[in-house]
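This is what each chain is made of:
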Amino acid sequence: MATLLFVHGTGVRGDTYDLCFQAMAEQVKKHLPGVTLAPCLWGDSLGATLANDGLSVPTYDANLPDPGAGEREVREREDVRWGLLYRDPLYELRSMAALRSAEEADQTGEAAAAAAPSPKGVLKQLRNLQLSDRVQQELARTKHDPAVQIDRAVRLLDAPVFEDALAARAMSAPAVWRPAVGRAFVAAWMHAATNSELPVISGELRDELYAEVVIELGGAPKAISDALGDMFLGLASWVATPIARRKRTVLTDATFPAAADVLLYQVRGKRLRDFIAARLTHLAPPVYILAHSLGGIASFELLAEGSETRVAGLITAGSQAPFLYEMDALATLRQGAKLPDSFPPWLNFYDLNDMLSYVGSGIFPKRIRDVELSSRQPFPQSHSSYWSDQKLWREIKAFMA
């Protein structure tokens, strides 16, 4: 009677492992009659912990009154807006262009068009932008050539969506279109700088640049009312770094184990490999290892050492072992070295939606069989969806036969 030793992946602890193990036991009972599923819960004893209760994390346990919360809230909303615009400099303008389409559908856009600013005229103003000596000096320190960056930013903005946005009735007021165009221009500047691998300018310098752009367009950035822009900002605040910052304690507790287990393994990996080896000694052969994610890396490295482990086969899902081998980041098998003759047959599952899964047939020819699964789940859910796939269990049954 064969035994399947389940070695979990990164970030898993007792209760989570128990639930997963129970669900897997049902699958084994259904698909692999006569096979015993054995646990290998290493996260509780060997997983990463914060030895000093998070003292190294800013505001980890801060419950003190914050008199500056209101002012910071305003800054945080601006940070959210810039985060969106860095991803897509035309984000706000695209939203305005969509409003124009709605206006045309209602046949109410003609009156607004007469009052709309000229797109060509606005782009000409931006091309002729004259920055203050101070801003030019600060930009020069970060290797940003104003002439080059202005040209790049204007070329990025010179698109049909720019004209449509300025023709929208909601953009007819100068107090609306000037700051919106100013933000788009600065975001386009930053976007072009990133693509050119230029150093990132400070938030303070970015704000000064934005202010001078709005003034060049005839506005006064410190006196604008930007309710419409705030409305679009609220539609996508899920990308907000500031929101994550306010919830840093919760995010640290939620993400720390997964990331920290990997880091800890890189410097203390032998402890986990020894733990798996010890579990194997208590199991009657034939024994197969079924390992997920980091568990797959540790199991692979243990077997790559060539030690006598009495393992009949290695089964990995969502594993990074081939990738780490290719970049020479494994402790027990250097890049270019061959697998030992004692290394068992290897079945590896991957999912193209799982960005943490890799294939090994090109790295270890004739020593591994890669099987693609399709969970149809987005990442990161796809990384944990292997055990419900019926194809996986059919392949495992054939592998163990």
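Preceding this paragraph is the structure being described.
Note that the structure is predicted; figures quoted are calculated from it, not measured. What you see as residue numbers is a count from 1 along each chain, following the sequence as written. This being a predicted model, a pLDDT of at least 70 is required before a residue's local features are given, and a value of 80 or more before pairs of side-chain atoms are given or counted; all residues contribute to the totals for chains, interfaces and linings. Calculation of side-chain values draws on the structure's entire complement of heavy atoms; hydrogens and water are dropped beforehand.

## Considering the side chain of H31
- Working definition: helices are DSSP H or I runs of at least four residues, strands are E runs of at least two. Numbering for both runs from the N terminus. Considering the arrangement of structural elements, one finds H31 in helix α1 (residues 14-31).
- H31 has contacts with Q390, W393 and K397, leaving out every residue within four places of it along the chain. Residues count as neighbours in contact if any of their non-hydrogen atoms are within 4.5 Å of one another.

## Examining empty space enclosed by the protein
- Cavities and pockets are defined on a 1 Å grid built over the protein atoms alone: a cavity is a set of grid points where a 1.4 Å probe fits but cannot escape, while a pocket is an open set with protein on both sides within 12 Å along at least five of seven lines, and lining residues are those with an atom within 4 Å of any such point. Grid points are joined across faces, edges and corners, and a volume is the space filled by probe spheres set on the points. Following the criterion strictly, the structure yields 2 cavities of 30 Å³ or more and no others.
- Here the largest cavity is characterised by a volume of approximately 70 Å³.
- What lines the largest cavity is W42, L46, D261, L264, Y265, R268, R271, L272 and L294.
- When residues are grouped by polarity, Ala, Val, Leu, Ile, Met, Phe, Trp, Tyr, Cys and Pro land in nonpolar, Asp, Glu, Lys and Arg in charged, and all others, Gly among them, in polar. Looking at the lining of the largest cavity residue by residue, the class counts come to 6 nonpolar, no polar and 3 charged.

## Re the sheet that holds strand β2 (residues 36-40)
- A sheet is described by the order of its strands in space; here 6 strands give the open sequence β2-β1-β3-β4-β5-β6, paired in parallel fashion. Across the chains shown, the open sheet's two edge strands, defined by having one partner strand only, are β2 and β6 (369-373). Across the sheet, the axes of successive neighbouring strands diverge by a mean angle of 20 degrees, strand direction being ignored.
- A pair of strands is treated as paired once DSSP finds two or more bridges between them. The pairing of strand β3 (residues 287-292) with strand β4 (residues 311-317) spans 6 bridges and is classified as parallel. Bridging across to β4, L290 finds its partner in I315.
- Convention adopted: a line fitted to C-alpha atoms gives each axis, helices being fitted over their contacting stretch, and angles between N-to-C directions are expressed from 0 to 180 degrees. Sitting on the sheet, α1 touches β1 (3-7), β2 and β3, and the angle it makes with β2 is about 165 degrees.
- Docked against the sheet, helix α17 (residues 390-400) engages β1, β3, β4, β5 (346-351) and β6, running at close to 170 degrees with respect to β5.

## Looking at the nonpolar core
- Throughout, nonpolar core names a set of buried Ala, Val, Leu, Ile, Met, Phe, Trp, Tyr and Cys residues whose side chains join them through atoms within 4.5 Å. Partly exposed describes any residue whose relative accessible area lies between the buried limit of under 20% and the exposed limit of over 50%, with all areas from a 1.4 Å probe on protein chains only and scaled to the type maximum. Membership of the largest hydrophobic core comes to 44 residues, with the highest contact counts inside it found for L126, L157, M171, F185 and W189.
- Looking at this core, the elements that each hand over two or more residues are α3 (69-87), α4 (91-105), α6 (119-127), α7 (133-141), α8 (146-157), α9 (160-167), α10 (174-195) and α11 (203-216).
- When residues of this core are assigned to their parent elements, the largest contribution, 11 residues, is made by α10.
- Once you skip the residues sitting within four places of it in the chain, L126 turns out to touch I150, V154, L157, V181, F185, V213 and L217.
- Membership of the second largest hydrophobic core comes to 33 residues, among which are C40, I276, L324 and F343.

## Notes on the pattern of salt bridges
- By definition here, a salt bridge exists when the distance from a side-chain nitrogen of Lys or Arg to a carboxyl oxygen of Asp or Glu is within 4 Å. As enumerated under the stated definition, the model contains 14 salt bridges in all.
- In this structure, D88 and R94 form a salt bridge, with 2.9 Å as the shortest nitrogen-oxygen distance.
- Given the relative accessible area of 24%, D88 is considered partly exposed.
- We note a salt bridge from D207 to R206, for which the minimum N-O separation is 3.1 Å.
- Since its relative accessible area comes to 8%, R206 is described here as buried.
- Residues joined in a network through salt bridges with shared partners are R134, E138, R141 and E208.

## Describing the packing of aromatic side chains
- Here a pair means two rings of Phe, Tyr or Trp (six-membered ring of Trp) with centres within 6.5 Å. Their orientation is stacked below 30 degrees between planes, edge-to-face above 60, and tilted elsewhere. According to the stated counting rule, one finds 15 aromatic pairs in the structure shown.
- Here the aromatic rings of F6 and W387 are separated by 5.6 Å at their centres, their planes lie at 80 degrees, and the arrangement is edge-to-face. Separated by 381 residues along the polypeptide, F6 in strand β1 and W387 in the loop between β6 and α17 bring together distant segments of the chain. Exposure class is identical for F6 and W387. Each is buried.
- Between W346 and F364, the ring centres sit 5.8 Å apart and the planes meet at 45 degrees, which makes this aromatic pair tilted. One end of the pair, W346, is in strand β5; the other, F364, is in the loop between β5 and β6, with 18 residues separating them in the sequence.
- Assessed through its relative accessible area of 2%, W346 is described here as buried.
- Following the ring pairs from residue to residue traces out a cluster consisting of F6, Y17, F21, Y386 and W387.

## Describing the layout of surface pockets
- Reported here for the largest pocket is a volume of approximately 690 Å³.
- T10, H292, S293, H383 and S384 are the residues nearest the centre of the largest pocket, which is lined by 30 residues in total.
- Mapped onto the lining of the largest pocket, the elements with two or more residues apiece are α1, α14 (248-281) and α15 (294-304).
- Top element by residues in the lining of the largest pocket is α1. It accounts for 6 residues.
- Residue composition of the lining of the largest pocket, grouped by class: 17 nonpolar, 13 polar and no charged.

## Thoughts on the side chain of D370
- Along the chain, D370 falls in strand β6.
- Side-chain polar atoms of D370 contact the backbone nitrogen of G360, separated by 3.0 Å.
- At a separation of 2.8 Å, a polar atom in the side chain of D370 contacts the main-chain amide nitrogen of S361.
- When neighbours within four sequence positions are excluded, D370 is seen to be in contact with N348, Y350, V359, G360 and S361. Under the rule applied, a polar contact is a pair of N or O atoms within 3.5 Å (in protein, one hydrogen donor and one hydrogen acceptor; residues adjacent in sequence only if both atoms are side-chain atoms).

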